[in-house]
Amino acid sequence: MRASDIQDDLTEVLVTEAEIHAKLDELADRIEADYVGEELLVVGVLRGAVMVMADLVRALDRHVEMDWMAVSSYGAGTKSSGVVKILKDLDTDISGRHVLIVEDIIDSGLTLDWLQRNLVGRGAASVEICALFRKPDAAKVEVDVRYVGFDIPNAFVVGYGLDYAEKYRNLRDVGVLAPHVYS
Ligand SMILES: O=P(O)(O)OC[C@H]1O[C@H](OP(=O)(O)OP(=O)(O)O)[C@H](O)[C@@H]1O
Ligand code: HPA
Ligand SMILES: [Mg+2]
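Remember, predicted model here, so these are calculated numbers, not experimental data.

Undergrad: What am I meant to see in the overall build of the chain here?
TA: Secondary structure summary: the chain contains five helices and nine strands in total. The C-alpha atoms of the chain give 16 Å as radius of gyration, which agrees with the globular expectation for 183 residues (16 Å, within 12%). Seen through its C-alpha atoms, the chain measures out along the principal axes to roughly 50 × 35 × 30 Å. Expressed as a percentage of its 183 residues, the buried residues of the chain come to 32%.

So this is what it looks like as structure tokens:
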């Protein structure tokens, strides 16, 4: 499959790469201001958040530590199973640490609701969330998220880390996946 064929699998581009980078610069400014004088541990949630994490931390003009967790609730489909599994845990002891979870998307909210509680339970000094995308109309639980990039419609989206059956993560823009791909 050629790269241009990937574009044919989208019904529309929702957010372009340039819009994403401009938004991450804004969020980085807010994060810098909010954590002045504090050490910060940024936790990326594999695999979807890889792109956001890489671009957000490079937009930050300050020291951060980075760690990763891998959790999964979607498997190969387009609906959350609601069951969150830890596939890879943190390597860092977060007790007393200021933790910023970085995610690509809040859809039902089940993943981040669970993850935030899990990390708070480990005795972190604070656990805040930065999510590039959020679907307000899909929320099954309200997640307390401090930094949000874009509120988007309740459609299955791919690109910039977001996958369908592990593909499309390497698209630079974020777009709506055409139903013919999965129906
Ligand atoms: O708000 P929710 O409905 O819980 O959905 C959001 C989560 O689902 C996706 O991850 P997924 O479990 O598909 O794993 P991945 O990051 O490896 O793609 C996405 O990256 C978020 O982590
Ligand atoms: O819309 C989505 N696209 C890709 N992965 C996802 N995980 C939750 N929602 C989505
Ligand atoms: Mg996924």
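Next comes the rest of the write-up.
Undergrad: How should the packing of helix 2 (residues 17–34) against helix 3 (residues 50–59) be read in this particular structure?
TA: Packed helix pairs are specified by the crossing angle of their axes together with the interaxial distance, meaning the distance between the axes. Remark: helix 2 packs on helix 3, axes separated minimally by 9 Å, with the N-to-C direction vectors making an angle of 55°. Taken together, the axes of helix 2 and helix 3 are oblique relative to one another. When the axes of helix 2 and helix 3 are compared, the crossing they make is right-handed. Here His 21, Leu 24, Asp 25, Leu 27 and Ala 28 of helix 2 lie close against helix 3, whose contacting residues are Asp 55, Leu 56 and Ala 59. The residue makeup of the contact of helix 2 with helix 3, split by class, is five nonpolar, one polar and two charged.

Undergrad: Please clarify how the confidence of the model for the chain should be interpreted in this entry.
TA: If pLDDT is low for a region, its predicted coordinates should not be looked at in detail. Model confidence for the chain is summarised by a mean pLDDT of 94, while 93% of its residues fall at 70 or above. This complex was scored by the predictor with a pTM of 0.94 and an ipTM of 0.98.

Undergrad: So what exactly am I meant to see when it comes to the site of ligand 2 here?
TA: Taken together, eight residues surround ligand 2, and among them Ile 105, Asp 107, Phe 156, Val 157 and Leu 162 come closest. The class makeup of the residues in the shell around ligand 2 is six nonpolar, no polar and two charged.

Undergrad: Looking at this structure, how should I read helix 2?
TA: Note on helix geometry: an α-helix contains 3.6 residues per turn, so any two residues three or four positions apart are oriented the same way. Under the 1.5 Å per step criterion, the end-to-end length of helix 2 is 26 Å for 18 residues, consistent within 8% with the ideal 26 Å. Turning to helix 2, its buried residues number three or more, namely Ile 20, Leu 24, Leu 27, Ala 28 and Ile 31. Projection of helix 2 onto a plane perpendicular to its axis shows the buried side chains occupying an angular sector of 110°, all on one side. For helix 2, the exposed residues set more than 90 degrees away from the buried face come down to Ala 18, Ala 22, Glu 26, Arg 30 and Ala 33. The inward-facing, buried residues of helix 2 contact strand 1 (10–15), helix 3, strand 5 (98–106), strand 6 (126–134) and strand 7 (147–151).

Undergrad: Please clarify how the nonpolar core should be interpreted in this entry.
TA: Taken as a class, soluble globular proteins show a tendency for nonpolar side chains to be buried jointly. Core analysis: the largest hydrophobic core is formed by 44 residues, its most contacted members being Leu 56, Leu 100, Ile 101, Val 102 and Cys 130. Of all the elements in the fold, those that place two or more residues in this core are helix 2, strand 2 (41–46), helix 3, strand 5, helix 4 (110–120), strand 6, strand 8 (157–158) and strand 9 (174–177). Sequence-distant contacts of Leu 100, that is, excluding residues within four places in its chain, are made with Ile 31, Leu 40, Val 42, Val 43, Glu 128 and Cys 130.

Undergrad: Honestly, the pairing of strand 2 in this entry has me stumped. Any pointers?
TA: Looking along a regular strand, one sees the side chains alternate between the two faces of the sheet. Within strand 2, five of the six residues are buried, which leaves the element mostly enclosed by the surrounding structure. In this structure, strand 2 lies alongside strand 3 (residues 65–72), joined through six bridges in parallel fashion. Each residue of the ladder has a partner; that of Val 45, found in strand 3, is Met 69. Regarding the hand of the β-α-β motif, the stretch spanning strand 2, helix 3 and strand 3 is right-handed. By the bridge criterion, four bridges tie strand 2 to strand 5 in an arrangement that is parallel. What sits directly across from Val 42, in strand 5, is Leu 100.

Thresholds, definitions, all that
Residues numbered from 1 in each chain as written. Chains lettered and ligands numbered in written order. Predicted model: local features only at pLDDT ≥ 70, side-chain atom pairs only at ≥ 80, totals over all residues. Helix = DSSP H or I, 4+ residues; strand = E, 2+ residues; numbered from the N terminus. Rg over C-alpha atoms; globule rule 2.2 N^0.38 Å. Buried ≥ 20, exposed ≤ 12 C-beta atoms within 10 Å, placed from the backbone. Axes fitted to C-alpha atoms, helices over the stretch in contact; angles between N-to-C directions. Parallel < 35°, antiparallel > 145°, perpendicular 65-115°, else oblique. Left-handed = near helix turned anticlockwise from the far one by under 90°. Contact = placed C-beta atoms within 7 Å. Nonpolar A, V, L, I, M, F, W, Y, C, P; charged D, E, K, R; others polar. pLDDT = per-residue confidence, 0-100. Near = placed C-beta within 6 Å. Expected span 1.5 Å × (residues − 1). Arc of directions from axis to C-beta. Core = buried A, V, L, I, M, F, W, Y, C linked by C-beta atoms within 7 Å. Pairing = 2+ DSSP bridges. Right-handed = clockwise from strand over helix to strand, strands pointing away.

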